[in-house]
Structure formats: structure tokens, C-alpha cells
Amino acid sequence: MRIRVQHFKEMKKSGKRITAVTAYDYSMARLVDKVGIPMILVGDSLGNTMLGYKSTVRVTMPDMLHHTKAVVRGAKNSMVVTDLPFMSYQVSIDDALRNAGRMVQEGGAHAVKLEGGARSAETAKRIVEAGIPVVGHIGLTPQSEHAFGGFRVQGKDLASAHALLDDAVALENAGVFAIVLEAIPVELARVITDRLDIPTIGIGAGPDCDGEIQVINDILGLTLNSRKHTKEYASLSQVIEEALVAYLNDVEQSKFPSDDQSFHVDERLLADLLSKI
Ligand code: KIV
């Protein structure tokens, strides 16, 4: 059964915690979906994890559409939320509507996420009014990394804490169905979570949000320099390296492929073939 917006509202009400994780391709999406994680985010973090950029600001609409289509093909039940990339929604509301529409119509996404609080509220409202569910994202919003001057925890002083609370309320009033809180103090995340009727999904925002989202490469141990807010549940880099070294050695030492991985033709056919050479 496809997870829908309503499920997340019910989860907040019943106190069932929401798990979300990013995925960028069909194979990972299938696994995330298989274990029953209700929300997959096609994050623009794919700029870092998949495309090797230093920042998400390089990610484009075609990049996002390409990966969204692959994830959607792998997700039978999970809701697929996709990021609106940098400058796809900031220039005008018309642009935002057109690009959110493309994510749903061409990409097959079930919802979009955009960054920014009060400044993005009107845009979010118009996308919701067009019938597209929206997730908000406040705190450390990576598309504004140049404005923030790097990875810095947000909302640590009274004024910025107040501003973040106002941002969250503005997004809720705009009709978003969930808000990602990134890199803010535990105490502020708790205040925002208690204040809202819609769920908060934290990343570097402590244990009191209604749910948690992580970048899949971080939790699987595929990231070189992982940050404090993440936890490795597997060391896939090591597993993959070991497998590749074993493969390299087997090929070089003629141990792979063996007869087990080979195909044969009928001996008469071979004799016929050789007689004609
Ligand atoms: O792009 C992304 O992966 C995100 C998460 C960090 C929430 O926006």
C-alpha cells in the first residue's frame, strides 16, 4: 500500500516515529522500500554523493528528474519526495509551479521538498494549492551554504531561534505536510515539534523530532568524512573495496571466470566450426 501524506499526519498523532532516508537510484530505492521505510527523499545531496560536486548548488532539474525517475521505479510503497534544486523555485512562483509539476508529471515523484522558511512559504502554498504535497526544510539549508559560510548549526541565539520557529509556523500555515529540521539544537527542535501539528523530521536536530532523515551514503558507510549527526550502520566502503580487490586478484590470476560461470556449445557444433576455419 502506497504511503501518503495522511499517513505522516497520523504517525505524528499516534506518536509513531517517522523514518526517512535518501536514495538516488533504482537498486537502493528497492531495498529502502522493501524494509518498509515510509519516505524516500531523492535529495539534491545527490550532487555530492552521486555526481561528485562539492555542493548541492550545482544540481539541476535534469539531474533531479533523472534520479527521481529511477527511484520511483524502485519504490512500490514508500512515498518518494524529491528536492527542488537550487534556483528552480527561487526566481518566480511560476517557475516553482512548473518545476514542481515536472517532478510529479515527468519524474513520478509524490511530493517535492524546498528549502527556506517564511521566504519560501508563499511558493510552498501555491505548489500545495496546485495539488502537489510539499515538505519544508529549515535550519542549515545546504542550498544557502554560501550565505551560511559552511556547515554551521543554526538557531543557537535567541533571535535566530525565534526566526526558525516563525519559519516553521509560516510553512505549516502554507500547507506543507512535514518539515525537515537540519542542524539545529535539540531544545529548539523540541519546541518547534511541540508547536506544530505537522511532523518534524530531523537531521542533526536531536531525538525529539517526530522522525529522522539521513543521507543513505552516510548510514551505509559510503561517505569519506561523515559528520557528527550521522551514524554508520554498515561499512560498505570496506566491504566493496574487499570485494573489488578479490575480483581484481581472481581475474589477474585466471581464477575467474571458471567453468561454473561459463557456457558451452555442443561438441559437434564446435567440430563443425573448427573444420570451417
Ligand atoms: O538533500 C538531502 O539529502 C537533504 C537531506 C539532508 C534532508 O535535503
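Here, the structure is the one placed above.
J.: Describe the environment of Gly-175, and please don't skip the residues or the numbers.
T.: Mapped onto the secondary structure, Gly-175 falls in the loop between helix 8 (158-174) and strand 6 (178-182). Residues Gly-175 and Gly-202 lie 27 residues apart in sequence; the distance between their C-alpha atoms is 19 Å.

J.: Give me the site of the ligand: which residues, what numbers.
T.: Taken together, 13 residues surround the ligand, and among them Gly-43, Asp-44, Ser-45, Asp-83 and Lys-113 come closest. Asp-44 places a polar side-chain atom, nitrogen or oxygen, 3.1 Å from an oxygen atom of the ligand. Contact distances for the ligand include 3.2 Å between an oxygen atom and a side-chain N or O atom of Asp-83. Protein coverage of the free-state accessible area of the ligand, which is 250 Å², stands at 96%.

J.: Summarise the sheet that holds strand 3 (residues 79-83); cite the residues concerned and give the values.
T.: An order of 1-2-3-4-5-6-7-8 is seen for the 8 strands of this closed barrel, with the pairing classed as parallel. On average, each strand axis in the sheet is tilted by 25° relative to the strand beside it, whichever way the strands run. Here 4 bridges tie strand 2 (residues 39-42) to strand 3, and the two strands are oriented parallel to one another. Bridging from a neighbouring strand, Val-42 pairs with Thr-82 of strand 3.

J.: Tell me about helix 5 (residues 93-105), and please be specific about residues and values.
T.: In this model, helix 5 (13 residues) spans 18 Å end to end at C-alpha, consistent with the 18 Å of a helix rising 1.5 Å per residue. Of the positions making up helix 5, those classed as buried are Ala-96, Asn-99, Ala-100, Gly-101 and Met-103.

Quick notes on the rules
Residues numbered from 1 in each chain as written. Predicted model: local features only at pLDDT ≥ 70, side-chain atom pairs only at ≥ 80, totals over all residues. Heavy atoms only, no water. Helix = DSSP H or I, 4+ residues; strand = E, 2+ residues; numbered from the N terminus. Near = heavy atom within 4 Å. Polar contact = N/O pair within 3.5 Å; in protein donor to acceptor, adjacent residues only side chain to side chain. Areas by Shrake-Rupley, 256 points an atom, 1.4 Å probe, with all protein chains shown as cover. Pairing = 2+ DSSP bridges. Axes fitted to C-alpha atoms, helices over the stretch in contact; angles between N-to-C directions. Expected span 1.5 Å × (residues − 1). Buried < 20%, exposed > 50% of the residue type's maximum accessible area, 1.4 Å probe, protein only.

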